[in-house]
Amino acid sequence: MGGGPAGRGLAHRLRHHGVDTTLVDPHPDRAWHATYAAWTDELPNWLSDNAIAAQTDAVQVSARTRHHIARGYTVLDNVALATELDLGGISLVTSAATSVSADRVVCADGSVVQADQIIDCRGALPHDAPYQTAFGIVVDAKDAAAVLDGADTLLMEWASPRRLGAAGSPLPSFLYAVPLADGTVLLEETCLAGHPALSIPELEHRLRVRLGDHEPTALRTEVVNFPLVGASTTPWRDSVFRFGAAGGMKNPTTGYSVATSLACADDVATAIADGADPAAALWPTSARSVHELRIRGLSALLDLSAEQTLDFFDAFFTMPIDAQRSYLSERDNLPGTLEAMGRVVKGVGMRTGMAIARGAATGHSWSDV
């Protein structure tokens with residue numbers, strides 16, 4: 001159920017592994033309008049270069065200081081990605097699921113789908129959780145040159161709320177600036193995590209203050225607003241198997257999920273083709289532990305002040321790239337995740353380190369849906 005990148009990608013790989021597959025989605029051919037990006041080394045090797053819209057060999061991050069991160073970054077071409085994830089040989093039910101159990105789906109059009117395995121890929125529905133929000137404009141590349149300031153991709157440029165004329169919220173935000181396929185650049189003011197997060201009007205205001213009097217002409221706009229925690233914080237225990245953003249594929253401290261979902265699709269498809277439990281294949285003990293640590297990492301971020309957030313990201317991006325990768329991308333690397341978290345706590349200074357440790361140890365409770 002669900003024809004977004006995760007659901008469509010999983011259906012495609014299930015069919016590749018010889019599994020008789022049905023996709024339930026009211027609009028399986030709808031266009032995807034969000035900008036999907038990933039670290040290049042996160043993408044599965046079965047995905048061809050045709051799906052790439054733009055790619056850079058490095059990114060830059062600016063907190064208190066500027067960091068050059070020599071790790072490839074890719075923006076996906078949504079139309080080409082959907083074409084790559086072709087649905088040939090897959091049965092389609094063009095309706096919304098209204099009732100779901102472990103082996104049966106009832107749809108809005110009255111149809112009923114029964115299967116040996118039901119997989120919910122409909123994304124994380126709105127619920128009580130921290131959110132990531134953003135407001136962006138797409139501009140001509142030449143108009144974005146001054147903003148990029150020599151960077152091919154600006155992953156994060158943090159600024160204090162005071163500098164951006166914030167309307168009372170202490171939450172910091174950063175500029176995300178990435179090249180797209182058509183000679184344009186996305187300039188996006190982003191609230192990484194908030195409970196509640198910054199509103200879209202506040203982020204639009206901050207972006208305009210950041211860009212100043214020479215704000216480029218916007219060719220179109222983009223809005224981001226999604227929960228950072230899936231349908232539950234322990235997806236391996238769900239009565240109906242979930243995959244994608246709803247099923248714990250989203251890194252709760254970054255918001256990225258598409259590359260992980262595509263990369264994990266073969267693990268799930270292979271397990272089902274072999275008659276094994278896909279939840280067990282997707283969630284070994286190490287992956288469960290890393291997921292729980294990432295949830296605690298999100299809790300720690302929520303407890304930081306704007307100044308402590310700058311300390312955090314300076315320390316994080318000062319680490320060796322392998323340590324960064326362990327935390328950001330390796331969902332079952334428990335030793336690497338622990339090492340990265342320890343490095344950050346040691347690198348931020350005593351006061352901020354205590355705040356991080358306190359937030360991670362205390363944790364937060366968010367409602368499941």
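Thresholds applied
Residue numbers here run from 1 along each chain, matching the order of that chain's written sequence. Under the rules for a predicted model, residues below a pLDDT of 70 receive no local features and side-chain atom pairs below 80 are neither given nor counted, while totals for whole chains, interfaces and linings still include all residues. Each side-chain value is worked out from all heavy atoms of the structure, with water and hydrogens disregarded. Strand pairing is assigned whenever DSSP identifies at least 2 bridges connecting the two strands. Strands here mean DSSP runs of E at least two residues long; helices mean DSSP runs of H or I at least four residues long; both are numbered from the N terminus. Angles run from 0 to 180 degrees between N-to-C directions of axes, and those axes are lines fitted to C-alpha atoms, restricted for helices to the stretch in contact. Source of the domain bounds: an automatic or database domain assignment. By definition in these notes, contact holds between two residues if any of their heavy atoms fall within 4.5 Å. Here the quantity called buried area is the accessible surface, traced with a 1.4 Å probe, that two parts lose on coming together, added over both. We call Phe, Tyr and Trp rings a pair once their centres come within 6.5 Å, taking the six-membered ring for Trp, and we label the pair stacked below 30 degrees between planes, edge-to-face above 60, and tilted otherwise. A 1.4 Å probe rolled over the protein chains alone gives each residue an accessible area, and that area as a share of the maximum for its type sets the label: buried under 20%, exposed over 50%, partly exposed in between. The criterion is that NZ of a Lys, or CZ of an Arg, lies within 6 Å of the ring centre and within 35 degrees of the ring normal, and then a charge sits over that ring.

Before going further, it helps to examine the sheet that holds strand β2 (residues 37-39). Sheet strands pair by backbone hydrogen bonding; their relative direction is either parallel or antiparallel. Read from one edge of the open sheet, three strands run β2-β6-β3, paired in antiparallel fashion. Lying at the two open borders of the sheet, with one neighbouring strand each, are β2 and β3 (52-56). Neighbour to neighbour, the strand axes of the sheet diverge by 20 degrees on average, direction disregarded. Relative to strand β6 (residues 73-76), β2 is paired through three bridges, and the arrangement is antiparallel. Directly across from Trp39, in β6, lies its bridge partner Tyr73.

This brings us to the domain arrangement of the protein. Under the domain assignment used here, the protein contains domain 1 (5-53 + 76-123 + 228-274), domain 2 (131-227) and domain 3 (286-362). Computed from C-alpha atoms alone, the centre-to-centre distance between domain 1 and domain 2 is 29 Å. In this assembly, 13 residues from domain 1 lie in contact with 12 residues from domain 2. When domain 1 packs against domain 2, the two sides together hide about 890 Å² of surface, and 55% of this comes from carbon and sulfur. The largest share of the area that domain 1 buries against domain 2 comes from Thr35, Ala53 and Leu228, three residues that together contribute 51% of it.

Now for the environment of Val59. In this structure, Val59 sits in strand β4 (residues 59-62). In this structure the C-alpha to C-alpha distance between Val59 and Leu155, which are 96 residues apart in sequence, comes to 6.1 Å. Aside from chain neighbours lying at most four places away, what touches Val59 is Trp39, His67, His68, Ile69, Arg71, Tyr73, Thr153 and Leu155.

Below, the discussion takes up the packing of aromatic side chains. Taken as a whole and assessed by the stated rule, the structure comprises 10 aromatic pairs. Residues Phe312 and Phe316 carry aromatic rings whose centres are separated by 6.3 Å and whose planes lie at 15 degrees to one another, so their mutual orientation is stacked. With Phe312 and Phe316 both in helix α8 (residues 306-318) and four residues apart, the pair spans about one turn of that helix. The exposure class of Phe312 is buried, given its relative accessible area of 13%. Since its relative accessible area comes to 4%, Phe316 is described here as buried. Among the aromatic side chains, those forming a connected cluster through ring pairs are Trp158, Phe174, Phe312, Phe313, Phe316, Phe317 and Tyr327. A cation over a ring is seen here: Arg13 above Trp46, with NZ or CZ 4.3 Å from the ring centre. Taking NZ or CZ as reference, Arg331 lies 4.5 Å from the ring centre of Trp283, over its face.

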